[in-house]
Amino acid sequence: LAKTTQPISMDSYEGQEVNITCSHNNIATNDYITWYQQFPSQGPRFIIQGYKTKVTNEVASLFIPADRKSSTLSLPRVSLSDTAVYYCLVRDTGGFKTIFGAGTRLFVKA
Amino acid sequence: DSGVTQTPKHLITATGQRVTLRCSPRSGDLSVYWYQQSLDQGLQFLIHYYNGEERAKGNILERFSAQQFPDLHSELNLSSLELGDSALYFCASSALTGGQDTQYFGPGTRLTVL
């Protein structure tokens, strides 16, 4: 069963770069790594997805080492509005279950 | 706006009752997922449907059931409600079913059981 491990919480200041690392030791060959952002009382929102190496979009970058047993979400120059819970997600190796981890609660301070 | 709609937005009911939550996926998406999120908890996967067929089950109680209809909308039925069933229930949809699928979440239904 694929499982992810992330830090429970992180603090940062406005304008800083934030890196959140997720461990997924049992990731399956066909699985992609997806990150979501969730604000209180809202549904999670897709941020970025990748399979290996580096992926970048207008919001974030995702770094995945060759062994794919971890991934790092990088948020450049965070603002107060980036305060949220961030989840990394890999698909259950046994089928189509979707297992969200506990997430990382990011708090951005002024 | 993700394109996924959920109704109702809020639901207040009593223990022992039965409720139905409705989800309309994004246009063209064949997969629908249901999740439960209790206060300050993570997202618990309940069930996944693809084009009308059940694909995977998570920790879904026997009191809960779901279905996906030919028009691809889905309903989650919760019966014999207990206080502990109070939570946010999210529906998500995606176009694929494999490891690359990106799930788009609806705004959720907040269920309060009194």
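Please refer to the structure higher up on the page.
Cut-offs and rules
Residues numbered from 1 in each chain as written. Chains lettered and ligands numbered in written order. Predicted model: local features only at pLDDT ≥ 70, side-chain atom pairs only at ≥ 80, totals over all residues. Heavy atoms only, no water. Contact = heavy atoms within 4.5 Å. Buried area = accessible area lost by both parts, 1.4 Å probe. Salt bridge = Lys/Arg side-chain N within 4 Å of Asp/Glu carboxyl O. Polar contact = N/O pair within 3.5 Å; in protein donor to acceptor, adjacent residues only side chain to side chain. Helix = DSSP H or I, 4+ residues; strand = E, 2+ residues; numbered from the N terminus. Nonpolar A, V, L, I, M, F, W, Y, C, P; charged D, E, K, R; others polar. Disulfide = S-S within 2.5 Å. Buried < 20%, exposed > 50% of the residue type's maximum accessible area, 1.4 Å probe, protein only. Pairing = 2+ DSSP bridges.

S.K.: If you had to explain the interface of chain B and chain A to someone new, which residues and values would you point to?
M.R.: Counting residues at the interface gives 24 residues for chain B, matched by 17 residues for chain A. Buried surface at the junction of chain B and chain A, summed over both partners, amounts to about 1,800 Å²; 52% is from carbon and sulfur atoms. Connecting chain B to chain A are 0 salt bridges. There are 4 residue pairs in polar contact (both at pLDDT 80 or more) connecting chain B and chain A. Broken down by secondary-structure element, the contributors of at least two residues to the side of chain B that touches chain A are β4 (31–37), β5 (44–50), β6 (53–57) and β9 (87–94) of chain B. Its residues placed into classes, the side of chain B that touches chain A shows 9 nonpolar, 11 polar and 4 charged.

S.K.: How would you explain the state of the cysteines if you had to name every residue and give the values?
M.R.: In this structure the tally under the stated criterion is 2 disulfides over all chains. Disulfide partner of C22 of chain A: C88 of chain A, at an S-S distance of 1.7 Å. Taken together, the positions of C22 of chain A in strand β2 (residues 18–23) and C88 of chain A in strand β8 (residues 84–91) put the pair 66 residues apart, joining distant regions of the chain. Judged by its relative accessible area of 0%, C22 of chain A falls in the buried class. The disulfide bridge from C23 of chain B ends at C91 of chain B, spanning 1.7 Å between sulfur atoms. The S-S bond linking C23 of chain B to C91 of chain B shows a torsion near -40°; that makes this disulfide left-handed. Separated by 68 residues along the polypeptide, C23 of chain B in strand β3 (residues 19–24) and C91 of chain B in strand β9 bring together distant segments of the chain. By relative accessible area, C91 of chain B is classed as buried at 0%.

S.K.: Lay out the pairing of β5 of chain B with the relevant residues and their values.
M.R.: All names here are of chain B. Extensive coverage of β5 is indicated by the burial of 5 of its 7 residues. Inspection of the sheet shows β4 paired to β5 by 6 bridges, in the antiparallel sense. Of the residues in β5, the one forming a bridge with W34 is I47. In textbook terms, the turn of a hairpin is the stretch between consecutive antiparallel strands, and for β4 and β5 this stretch comprises 6 residues, one of which, D40, has a positive phi near 55°. Bridge count between β5 and β6: 4 bridges; the pairing is antiparallel. Within β6, the residue paired with Y50 across the bridge is E53. If you look at the hairpin formed by β5 and β6, you'll find 2 residues sitting between the two strands, and N51 has a positive phi there, around 50°.

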